[in-house]
Amino acid sequence: MNIVVLIKQVPGSTEIKVDPKTNTLIRDGVEAIVNPFDTYAVEEAVRLKEANGGTVTVLTMGPPQAAEALKQALSVGADRAILVSDRAFAGADTLATSFTLAAAIRKIGGADVVIAGKQTLDGDTGQVGPEVAMHLKLPFATYVKKIESADGGKLRVERLVEDGYEVLDIPTPCVITVVKEINDPRLPSLRGIMAAKKAEIVTWSASDLGDDVKRFGLSGSPTQVVETYVPERVKTGEMITGTVEQQVDRLVEKLKEAGVL
Amino acid sequence: MDYQLTEEQQMIRDLARAIAEDKVLPVRAELDEKEEFPTQIMKVMGDSDLFRVFVPEEYDGMGGGVLDECLIIEEISRVCGGVALSYAATLLGTIPVLLFGNEEQKKDVLPKIAAGALAAFALTEASAGSDASNIQTTAVKDGDDYVINGTKQWITNGGNALFYTVIAMTDKDKGSRGASAFIVEADTPGFTYGKKEKKMGIRASSTTELIFDNCRVPVKNLLSKEGMGFIIALKTLDLSRPGVAAQAVGIAQGALEEALKFAKERQQGGQPVIQYQAVQHMLADMAMQVEAARALTYAAARTIDAGAKTYSKEASMAKCFASDVAMRVATDAVQVMGGHGYMREYPVEKMMRDAKITQIYEGTNQIQRNVIAANLIKETLR
Ligand SMILES: Cc1cc2nc3c(=O)[nH]c(=O)nc-3n(C[C@H](O)[C@H](O)[C@H](O)COP(=O)(O)OP(=O)(O)OC[C@H]3O[C@@H](n4cnc5c(N)ncnc54)[C@H](O)[C@@H]3O)c2cc1C
Ligand SMILES: Cc1cc2nc3c(=O)[nH]c(=O)nc-3n(C[C@H](O)[C@H](O)[C@H](O)COP(=O)(O)OP(=O)(O)OC[C@H]3O[C@@H](n4cnc5c(N)ncnc54)[C@H](O)[C@@H]3O)c2cc1C
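Residues numbered from 1 in each chain as written. Chains lettered and ligands numbered in written order. Predicted model: local features only at pLDDT ≥ 70, side-chain atom pairs only at ≥ 80, totals over all residues. Heavy atoms only, no water.

Considerations on the domain arrangement of chain B
All names here are of chain B.
Thought 1: Assigned domains within chain B: domain 1 (7-118), domain 2 (120-229) and domain 3 (234-381).
Thought 2: Computed over C-alpha atoms, the centres of domain 2 and domain 3 are 30 Å apart.
Thought 3: Counting residues at the interface gives six residues for domain 2 and 10 residues for domain 3.
Thought 4: Taken over both partners, the interface formed by domain 2 and domain 3 buries close to 670 Å², and the fraction arising from carbon and sulfur atoms is 69%.
Thought 5: Taken together, domain 2 and domain 3 are joined by zero salt bridges.
Thought 6: On the surface where domain 2 and domain 3 come into contact, there are two residue pairs in polar contact (both at pLDDT 80 or more). (Domains from an automatic or database assignment. Contact = heavy atoms within 4.5 Å. Buried area = accessible area lost by both parts, 1.4 Å probe. Salt bridge = Lys/Arg side-chain N within 4 Å of Asp/Glu carboxyl O. Polar contact = N/O pair within 3.5 Å; in protein donor to acceptor, adjacent residues only side chain to side chain.)

As structure tokens, this is what we get:
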């Protein structure tokens, strides 16, 4: 079973700042980590490989320093790492990002299963996984919390929904995105860390991914971020105070006013 | 302080810290309360290659040194001294094989340890504590075997180890020249575990009796030669003591951090208690002592790693100094935290209980001072 895991390097802080002039994320000076949901994706891929054989390839699109994220995945059991990096990819929205990742997956030779995180800490859209599936014309399942079985050309997965979970059979090749409930990622081993340090990271540029260059990066990104702001908190609640009797009277009055009673 | 650790040493330290914080921290109070052995954590440490560190590369290890070991023990102890001991005692039980094992013995034992099996070292008996020469356990040669009889007490990792290095008398008439060291595997017929001790601290580690009742061990399990038992034991303890020092440094560091954090949060008299100079000075003294203990421990470890021929004085100094520091700093951490420090809800009362053992085992601190003084006297005779 050949598995491709999509991972993204994100700022390791929950305080994401947006540059008010360019409306892009400020990434300078913030420690970079692997998007936490992607660590579950890597772990699940390694477990699938351990159970079924095959290889795990981790793939990221990002700046050269994103190689560190790939090395971290190698240290916990991924076999191969590919960095897709080029100035031409800069400014990508989710459409351009997923288009580029899909092109890279095709160049890898496809996969039985593509695993992504459910969303990122920074961009936070949760769109990239499903969009990759659309570009590759593959079925997908989001919010997977368990892979029950993986054989006979299909995965049986449990997928989180609002008030429970669904059990789906999904034919391979397919794309899934995973939630943190799916596993408890292992810590690396010393040998793994040392091997990862020495590992060669394959880097692909725009020209390696075909000549549809206008679909990469900014030019391939129809999303226009017009403005970013923290939504204003609208205070709608009213605290009712006083003795219990007073509070009850006031509440009943209010409910009558609202026409509920 | 900058201890000029190599990149590899930083890697080892960071991984040990990650394991301590991810896997040990969430369960340390429960393991202590239930006196439960940390089987799962030992497995994680094994899977992470931490047992490979002290095993030579030709036996599937990573060929690290004493300082590498100390970094691991310190980081785990910073969170839980009891969990760290199960790991450190494996090193103690493996050192006799590392130093005195023949090729066959090394091939048999070391790759399994590298993969995460535990070991133990069995010297102490009811009537032989500080005076190890008084051991009563005997090993009598009979054909291709030695037959071991006797009872060891307070053996760390008893019941959890795969390999036990056991010191027994092969010739009582020769006194301290009549002891020998044997590798005894778990499940050898005639070898069972007795009482499991209930302890003040390091309660996640297991401390048991080992009972040998006509236990037959093949001659090939004799380490070195007959009569070498006490030399093996002493050399083993010399090499292991920096590890106890590192355990003490870790416990002290953990206690300091807890006290500092609490003192910044606890409000009394309208201000955080850290604003009181009396509290600040305690914390300053604690920090100084921890750093001094760490510096001495790393220096002793580096002395050994640099190839020193004798190092019992250095090893004893580090063990004795660091363990005295751990006891003082942990006690002061409780003091800084006042009544909260005394409650089990906070970790420093456990750290205070855990710190105490480092002044006792692998030779009490009185014995360490004897060793240091004996070396000082010997040096003046040169
Ligand atoms: C206001 C704003 C400004 C932005 N400005 C910039 C900018 O200036 N420069 C810039 O580069 N981005 C910028 N982005 C982010 C960019 O649009 C997205 O980060 C990117 O398209 C991925 O989307 P996402 O982070 O929402 O991923 P999601 O869809 O939430 O990610 C889901 C999963 O898809 C996979 N995945 C996502 N991204 C990648 C990737 N790059 N490589 C591999 N796998 C991946 C991971 O498995 C991830 O868990 C900005 C986003 C916002 C909201
Ligand atoms: C939790 C725990 C785990 C242990 N694990 C192991 C293990 O894995 N393997 C193992 O072999 N042993 C182990 N031990 C035994 C430990 O090494 C001994 O307890 C230690 O060596 C001291 O011996 P003792 O307790 O009999 O004290 P004693 O020797 O009875 O000492 C009592 C007091 O007399 C002092 N004293 C004794 N002799 C002298 C002297 N010559 N000069 C000055 N003062 C002296 C001591 O310092 C102490 O204060 C363990 C002990 C404990 C408590």
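Remarks on the site of ligand 1
Residues and elements named next belong to chain A.
Thought 1: Around ligand 1, 29 residues are found, and the nearest of them are Leu 6, Lys 8, Asp 38, Thr 120 and Thr 125.
Thought 2: Asn 35 places a side-chain nitrogen or oxygen 3.2 Å from an oxygen atom of ligand 1.
Thought 3: A distance of 2.8 Å separates an oxygen atom of ligand 1 from a polar atom in the backbone of Gln 127.
Thought 4: Elements with a contribution of two residues or more to the shell around ligand 1: strand 4 (56-61), helix 3 (94-108) and strand 6 (113-117).
Thought 5: For the shell around ligand 1, a count of residues per class yields nine nonpolar, 14 polar and six charged. (Near = heavy atom within 4 Å. Helix = DSSP H or I, 4+ residues; strand = E, 2+ residues; numbered from the N terminus. Nonpolar A, V, L, I, M, F, W, Y, C, P; charged D, E, K, R; others polar.)

A short note on the nonpolar core
Thought 1: Residues Met 45, Leu 50, Ile 72, Val 83, Tyr 87, Ile 167 and Val 184 of chain B are the most contacted members of the largest nonpolar core, which totals 93 residues.
Thought 2: The element contributing the most residues to this core is helix 5 (residues 81-100) of chain B, with nine residues.
Thought 3: Once you skip the residues sitting within four places of it in the chain, Val 184 of chain B turns out to touch Ile 148, Leu 162, Phe 163, Tyr 164, Val 166, Phe 191, Phe 212, Cys 215 and Val 217 of chain B.
Thought 4: Counting residues in hydrophobic clusters, the runner-up holds 38 residues, among them Val 34, Val 113, Ile 115 and Ala 141 of chain A. (Core = buried A, V, L, I, M, F, W, Y, C linked by side-chain atoms within 4.5 Å. Buried < 20%, exposed > 50% of the residue type's maximum accessible area, 1.4 Å probe, protein only.)

Concerning the interface of chain A and chain B
Thought 1: Residue-level contacts link 11 residues of chain A with 19 residues of chain B.
Thought 2: Between chain A and chain B, a total of about 1200 Å² is buried, with carbon and sulfur atoms accounting for 67% of that surface.
Thought 3: Looking only at chain A, the three residues that lose the most surface to chain B are Leu 187, Leu 190 and Arg 191 of chain A, adding up to 58% of its buried area.
Thought 4: For the pair chain A and chain B, the interface holds three salt bridges.
Thought 5: For the side of chain A that touches chain B, the residue count by class is six nonpolar, two polar and three charged.

Here's the deal with helix 5 (residues 190-198) of chain A
Along an α-helix, residues three or four apart share an orientation, since each turn contains 3.6 residues.
Thought 1: By the burial criterion, the buried members of helix 5 of chain A are Leu 190, Gly 192, Ile 193, Met 194 and Ala 196 of chain A.
Thought 2: Among the structural elements, helix 2 (67-75) of chain A together with helix 1 (7-24) of chain B are those in contact with the buried residues of helix 5 of chain A.

Comments concerning the confidence of the model for chain B
A low pLDDT means the predicted coordinates there should not be read in detail.
Thought 1: On average, residues of chain B score 97 in pLDDT, and 100% of them are at 70 or above.
Thought 2: If you check the scores for this complex, the pTM reads 0.87 and the ipTM reads 0.85. (pLDDT = per-residue confidence, 0-100.)

Thoughts on the pairing of strand 7 (residues 140-151) of chain A
All names here are of chain A.
Thought 1: Sheet topology places strand 7 next to strand 10 (residues 174-178); three bridges connect them, and they run parallel. From the neighbouring strand, Ala 141 faces strand 10, where its bridge partner is Ile 176.
Thought 2: Relative to strand 8 (residues 154-161), strand 7 is paired through six bridges, and the arrangement is antiparallel. Residue pairing for strand 8: Asp 151 is matched across the bridge by Lys 154. (Pairing = 2+ DSSP bridges.)

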